[in-house]
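Read off the chains here:
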Amino acid sequence: MSLTNKKEKTEGKKQYHIHLKPGDIGKYVLLPGDPARADRVAKYLDNAELKAEHREHRTFTGFYKGVEISVTSTGMGCPSASIAAEELINIGAECLIRIGSTAALQPEPKIGDLIVSTGSMKNEGTSKFYVPDVLPAVPDFELTRTILDTTAEMAAELGYSYHYGINATDDAFYGEDETWIKKLSDLGILNVEMESSAIYTVCHKRKKRGAMISAVSGNLVTNDVIYEKENEGLIRGWENEIKVVLEAIYKFEQRNLS
């Protein structure tokens, strides 16, 4: 009996889900959930080119201040995000940065604020396929420090407030009832989203760098949420996080070249 080794079958080749091949991406890849947000990132890149679009994964590659950067949408949730991360790493990605939306779990963050993740509570099933539950899901320290420093430096210019701390990664958006929200808030969890712990875990296993910056979509403990109309504050947050993370990548690249 010959069992399939998926790594051997896929590494360095055109990828099954994201439809990308070596040479299509830069070593820095931004990971929004929504394919439409890949389009938002592309507006800030020079010579942005649509490289592939398959399922929930839309990828552009371009340049920011001479640094080659790609953006690939992951879709919602850890299973899809982990597939995108694995396949991007298979073809050369070195730094994977989730840019997304998040709900606040403490009273202070407001809609449109930015949050930099320093670790993720693994309330999801995907990471269990990779590591024991007791192994924490944490972003790369150096990359995260650069993103946080850049977030602080650009706050006055762009006019946002920012926060940093431990987030939760949940599997079930509508499973988050009042009891669950209070439990997370009482634990001191700053915010909740649906992808980062799997991305951190894949990056840890594959010896790559992972990080996350996200814009606050609503606050679950103050009940300041917008579900029925366009969330203008969140849209401003998306634009600000893109500007911040691109500048952070440029600084990180320059620091590592020197």
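Residues numbered from 1 in each chain as written. Predicted model: local features only at pLDDT ≥ 70, side-chain atom pairs only at ≥ 80, totals over all residues. Heavy atoms only, no water.

Moving on: the pattern of salt bridges. Evaluated as defined, the whole model comprises 18 salt bridges. Salt-bridge contacts for K43 lead to E239; the nearest nitrogen and oxygen are separated by 3.8 Å. You can see K43 sitting in the loop between α2 (35–42) and β2 (46–54) and its partner E239 sitting in helix α7 (residues 232–257), a full 196 residues away along the chain. Residue classification places E239 among the buried residues on the basis of a relative accessible area of 14%. Between R58 and E53 there is a salt bridge, and its shortest N-O distance comes to 2.8 Å. Look at R58 and you get buried, because its relative accessible area is 18%. Under the relative-accessibility criterion, E53 is labelled partly exposed at 47%. (Salt bridge = Lys/Arg side-chain N within 4 Å of Asp/Glu carboxyl O. Helix = DSSP H or I, 4+ residues; strand = E, 2+ residues; numbered from the N terminus. Buried < 20%, exposed > 50% of the residue type's maximum accessible area, 1.4 Å probe, protein only.)

This part takes up unusual backbone geometry. Residues other than glycine seldom take positive phi values, yet R55 does so here, at roughly 55 degrees. For R55, the position within the fold is in the loop between β2 and β3 (57–64). Judged by its relative accessible area of 57%, R55 is exposed.

In this structure, L30, I69, I97, I147 and I213 are the most contacted members of the largest nonpolar core, which totals 35 residues. Here the element with the most residues in this core is α7; it accounts for 10 residues. Ignoring sequence-local partners within four residues, the contact set of I213 consists of R98, I99, G100, L114, I115, V116, I147, T151, E241, V244 and V245. Counting residues in hydrophobic clusters, the runner-up holds 17 residues, among them I18, L20, I25 and V202. (Core = buried A, V, L, I, M, F, W, Y, C linked by side-chain atoms within 4.5 Å. Contact = heavy atoms within 4.5 Å.)

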